[in-house]
Amino acid sequence: MRILIVGAGAVGGYLGGRLVGAGRQVDFLVRPGRAAQLRDTGLRIVDGEQVEKIDASCLTAEGLTGPYDLILLCVKPDALPAVLDDLASGVGQGTVLVPFLNGMRHLDLLTERYGEATLGGVVKIVTQLDANGDIRQLLPGGQMQVGELDGVASDRVAAVAQALAIPDFHVTVLDNIVDAMWSKWVMIATIGAVTSLVRGTISDAAAVEDGAAFATSTLDEAASVAAAARHALSESDYTGYRELVTAAALPLTSSLSRELLAGRITEVENVLGDLINRARAFGLAVPRLEAAALTLRAHNARATSAS
């Protein structure tokens, strides 16, 4: 299977690097600056003191030729409209596109442009892109879930799952992939809101008075939006997330809070802003999510003006 990974950041770079290491045929579609960096230094994955250098095949939009069998979209959602134009020459009649993006609104853009070629996808990894372009592995391995948006089993989903089944990654085909995408959104919105407001870890929040209760109420706000959208969390997901966001000894952060503390632009609109807008449309009150969004929007404004 010929695979194109769009983006070589914390998600795309890590996932693509592991696919290359497992013998898959992978190209990366990246911007010229990132392409030059990868050609010069290679794709570098850092695990503690160990640095793994991977020879990555990098393309820019001008050099892209297709079609590809599988395209994994691993970019920031605000970059997606331009990316959809860039990858057009890589999409053929049998191409399958799997988005590994945060939130949900990217599905509308993808299905409008590429229709039934789009599958649903969820990836769960813990990585970070360093300032020098290295990908820092914070936890080993990861999980991937894929499925048809209409829930019907298909041969192409099975083929995608087989292609993505590599060492240390657990891959599952789901008949309710949209529910899974909503569930992940609830999780990352909750963790992102709590860790951004405390400017620390989940355990930092849990260690102070009313911290665990605040985190639980934030989870309830996010979960209420999913339920109103008819994608309610399963009991097991809710219980697991509640234990996660109230853990007293878990140094867990989020990409939102890490970018905040590093002084970089955060993905607030796709993780929190869109969720808040949907809550308002349903008539739901989400004051904790709104407080976190205000914090991150103010930070983004300062970071933008400083640049």
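What comes next concerns the included structure. (Residues numbered from 1 in each chain as written. Predicted model: local features only at pLDDT ≥ 70, side-chain atom pairs only at ≥ 80, totals over all residues. Heavy atoms only, no water.)

In this section: the overall build of the protein. The secondary structure content of the protein amounts to twelve helices and twelve strands. Across its three principal axes, the protein shows a C-alpha extent of roughly 55 × 45 × 35 Å. Sorting the 307 residues of the protein into buried and exposed places 51% on the buried side. When the accessible area of the protein is evaluated, it comes to approximately 13700 Å², of which 51% is carbon and sulfur surface. Of the side chains in the protein, 25 bear a positive and 35 a negative charge, and the two mean positions are spaced by 4 Å. (Helix = DSSP H or I, 4+ residues; strand = E, 2+ residues; numbered from the N terminus. Buried < 20%, exposed > 50% of the residue type's maximum accessible area, 1.4 Å probe, protein only. Areas by Shrake-Rupley, 256 points an atom, 1.4 Å probe, with all protein chains shown as cover. Lys, Arg positive; Asp, Glu negative; His and termini not counted. Charge placed at Lys NZ, Arg CZ, Asp CG, Glu CD.)

Core analysis: the largest hydrophobic core is formed by 42 residues, its most contacted members being Trp182, Leu272, Leu275 and Leu289. Of all the secondary structure elements, the ones that give two or more residues to this core are α6 (177–198), α7 (202–206), α8 (211–228), α9 (235–245), α10 (255–262), α11 (268–281) and α12 (287–306). When near neighbours in sequence (up to four residues on either side) are disregarded, Leu275 contacts Trp182, Trp185, Ala189, Ala222, Val225 and Leu289. Residues Ala8, Ala35, Val98 and Val146 belong to the second largest nonpolar core, which totals 34 residues. (Core = buried A, V, L, I, M, F, W, Y, C linked by side-chain atoms within 4.5 Å. Contact = heavy atoms within 4.5 Å.)

The phi dihedral of Arg199 is positive, around 50 degrees, even though this residue is not glycine. Residue placement: Arg199 occurs in the loop between α6 and α7. What makes Arg199 partly exposed here is its relative accessible area of 43%.

This part covers the packing of α6 against α12. Interaxial distance between α6 and α12 falls to 9 Å at its minimum, and their mutual angle equals 60 degrees. Judged on the interaxial angle alone, α12 and α6 are oblique. Crossing angle aside, the handedness with which α6 passes α12 is left-handed. Here Ala189, Ala193, Ser196 and Leu197 of α6 come into contact with α12, specifically with Arg288, Leu289, Ala291, Ala292, Thr295 and Leu296. For the contact of α6 with α12, the per-class residue count stands at seven nonpolar, two polar and one charged. (Axes fitted to C-alpha atoms, helices over the stretch in contact; angles between N-to-C directions. Parallel < 35°, antiparallel > 145°, perpendicular 65-115°, else oblique. Left-handed = near helix turned anticlockwise from the far one by under 90°. Nonpolar A, V, L, I, M, F, W, Y, C, P; charged D, E, K, R; others polar.)

What follows deals with the pattern of salt bridges. Summed over the entire model, instances satisfying the criterion amount to 13 salt bridges. The partner of Asp134 in a salt bridge is Arg44, with the nearest N and O atoms 2.8 Å apart. Residue Asp134 is found in the loop between β9 (127–129) and β10 (135–137), and its partner Arg44 is found in strand β3 (residues 43–47); the two are separated by 90 residues along the sequence. We classify Arg44 as partly exposed; its relative accessible area is 28%. (Salt bridge = Lys/Arg side-chain N within 4 Å of Asp/Glu carboxyl O.)

Taken as a whole and assessed by the stated rule, the structure comprises two aromatic pairs. For the pair Tyr14 and Phe169, a centre-to-centre distance of 6.0 Å together with 45 degrees between the ring planes defines the contact as tilted. Of this pair, Tyr14 sits in helix α1 (residues 12–21) while Phe169 is found in strand β12 (residues 169–173), placing the two residues 155 residues apart along the sequence. Each member of the pair, Tyr14 together with Phe169, is buried. Each ring, one from Trp182 and one from Trp185, has its centre 4.9 Å from the other, and the planes form 45 degrees; the classification is tilted. Of the two residues, Trp182 and Trp185 both sit in helix α6, three residues apart, roughly one turn of that helix. Overall, Trp185 belongs to the buried group, its relative accessible area being 1%. When the ring centre of Tyr68 is taken as origin, the NZ or CZ atom of Arg2, which lies over that ring, is 3.9 Å away. (Phe/Tyr/Trp six-rings, centres within 6.5 Å; stacked < 30°, edge-to-face > 60°. Lys NZ or Arg CZ within 6 Å of the ring centre and 35° of its normal.)

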